Amino acid sequence: QAAAEMKEKIGILQNEIEILQNETTAKDKALAVERQMCAKAVAERDTVRSDVNKLLFVYKEKQQLVDQKIAEIEKLNSIINVVERDMVRLKKQYEQAVEERNYTGIQLIDRNDELCILYEKCNIQEQILRNGELELNSRDEEMRVLQLELGKYEWLYGVTTKLLPQLPKYKQEIEELKVQLEHEKQRSNELSDELESPSNTARYRLLKGKDLSHDEMGGKIAQLEDRLNLKKEQLLEKELVLEEVGSLSERLRAQAVEGREETLDIAKTVNEYQARIKAITRKLMACVSELSMYQATAMKLEQEKGSKIDELDQAKERLEEGLPPTEDAEREWDRMERRKAIRSEMIARKQEEMRQAQGELQTTAIPRPNAYMPEEIALPRPYGAMAPFKPSEPGASMRHIVKPQPREIEI
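Keep in mind the model is a prediction, meaning the values are calculated, not measured.

### Focus on the overall build of the protein chain
From N to C terminus, the protein chain includes 5 helices and 0 strands. Here the protein chain holds 411 residues, and the buried ones make up 4% of them. Considering only contacts in the protein chain between residues 6 or more positions apart, those separated by 24 or more positions represent 68%. For the protein chain, the computed accessible surface area is about 38,400 Å², with 59% contributed by carbon and sulfur atoms.

### What to know about the pattern of salt bridges
Under the counting rule described, the total for this entry stands at 8 salt bridges. Where Arg 139 meets Glu 135, a salt bridge forms, and the shortest distance between an N and an O atom there is 3.8 Å. Placement of the pair is Arg 139 and Glu 135 together in helix H1 (residues 2-163), with a separation of 4 residues, close to one helical turn. Judged by its relative accessible area of 46%, Arg 139 falls in the partly exposed class. Exposure remark for Glu 135: the relative accessible area of 45% places this residue in the partly exposed category.

### Examining a nonpolar patch on the surface
Together, Leu 76, Ile 79, Ile 80, Val 83 and Met 87 make up an exposed nonpolar region whose accessible area comes to about 450 Å². Inspection of the secondary structure puts Ile 79 in helix H1.

### Regarding the environment of Gly 395
Among the structural elements, Gly 395 can be located in the segment after helix H5 (327-358). Through-space distance from the C-alpha of Gly 395 to that of Asp 46 is 9.3 Å; in sequence the pair is 349 residues apart.

Conventions adopted
Residues numbered from 1 in each chain as written. Predicted model: local features only at pLDDT ≥ 70, side-chain atom pairs only at ≥ 80, totals over all residues. Heavy atoms only, no water. Helix = DSSP H or I, 4+ residues; strand = E, 2+ residues; numbered from the N terminus. Buried < 20%, exposed > 50% of the residue type's maximum accessible area, 1.4 Å probe, protein only. Contact = heavy atoms within 4.5 Å. Areas by Shrake-Rupley, 256 points an atom, 1.4 Å probe, with all protein chains shown as cover. Salt bridge = Lys/Arg side-chain N within 4 Å of Asp/Glu carboxyl O. Patch = residues over 30% accessible without salt bridge, like charges linked within 9 Å, V, L, I, M, F, W, Y side chains within 5 Å.

Any functional reading would require information that these geometric values do not contain.
Given below as structure tokens:
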């Protein structure tokens, strides 16, 4: 009985083992199927990832293109606004210019009448000026003649001074004698007062010296006569020189009167040259002032250049320290980032609105030429029999292929 029970148990256990083996076999098959499905899912995942990466890359490119187009649209809108404002401003300026032109035309007519009157006055003044210049030239001629006469008399004075070398000495002696005379007069007055004073007991004194004899007086008189004769001879020489100088001066005066016409011509020529010199001087002063202005502008630009170089050096130092180059640049960057974020939000909102309005999802697939045409139209193919070659997109299995190494070309 126990053996029968054991056999029965063994049979039951064998049945259970067979059942477990069958279950194991089924599970192995299911596991193999699941592994195949997992490998297939991994391959599909890799394919989908590559497709997603490609689509993301295409999306980024399209997004950049959209951002560029939006920036260009905003730029063009700003340009259009500026141009419209300029047009309005130019229109106002044109209307104002037309009014000013009309007012200026009226003023021009009035000024033309005034200009005619001023031209007449100017002609009268020019006639007066020419007459005044002629009178001035005549006075200049008279002045020149007088200067010549003055030079002649100065020359005569120099000649006379050379012929009379003792004259300064005599003048000096006269001055000394005048001083002595004043001194003696004062002394004489003092002595007269003393002599006339009744309180002075010593009113007189014995004079020293001796009286000259007749012979001595005759010699003294002869000496004085000799000096007088010498002075008369010198005076005759001076009169002869004066007559000669007078004849020369008369001759020069006659020549001056004869050459007055030539002098007037020369004076006119000199006036013309002086006018030309004044005009050239004015031009030169204008050029100098313009040059000084350019020099001031150059110095100002040099200062601006130095300040800009200093700002550039400071910006480089701030960049090396990891700071923005300038506070204005940081604010401008923040402003640009905010504008970019606002622009991207607007684009996303517009795309979402368009997607909701169309009721379909956005796709990046390349549209076919005959995508939305019904078959009954029977339009021909756009490329005919020779369609352009377009390579297929690389699959996910390309990652298992080793990139070939190009061989060097041996010549």
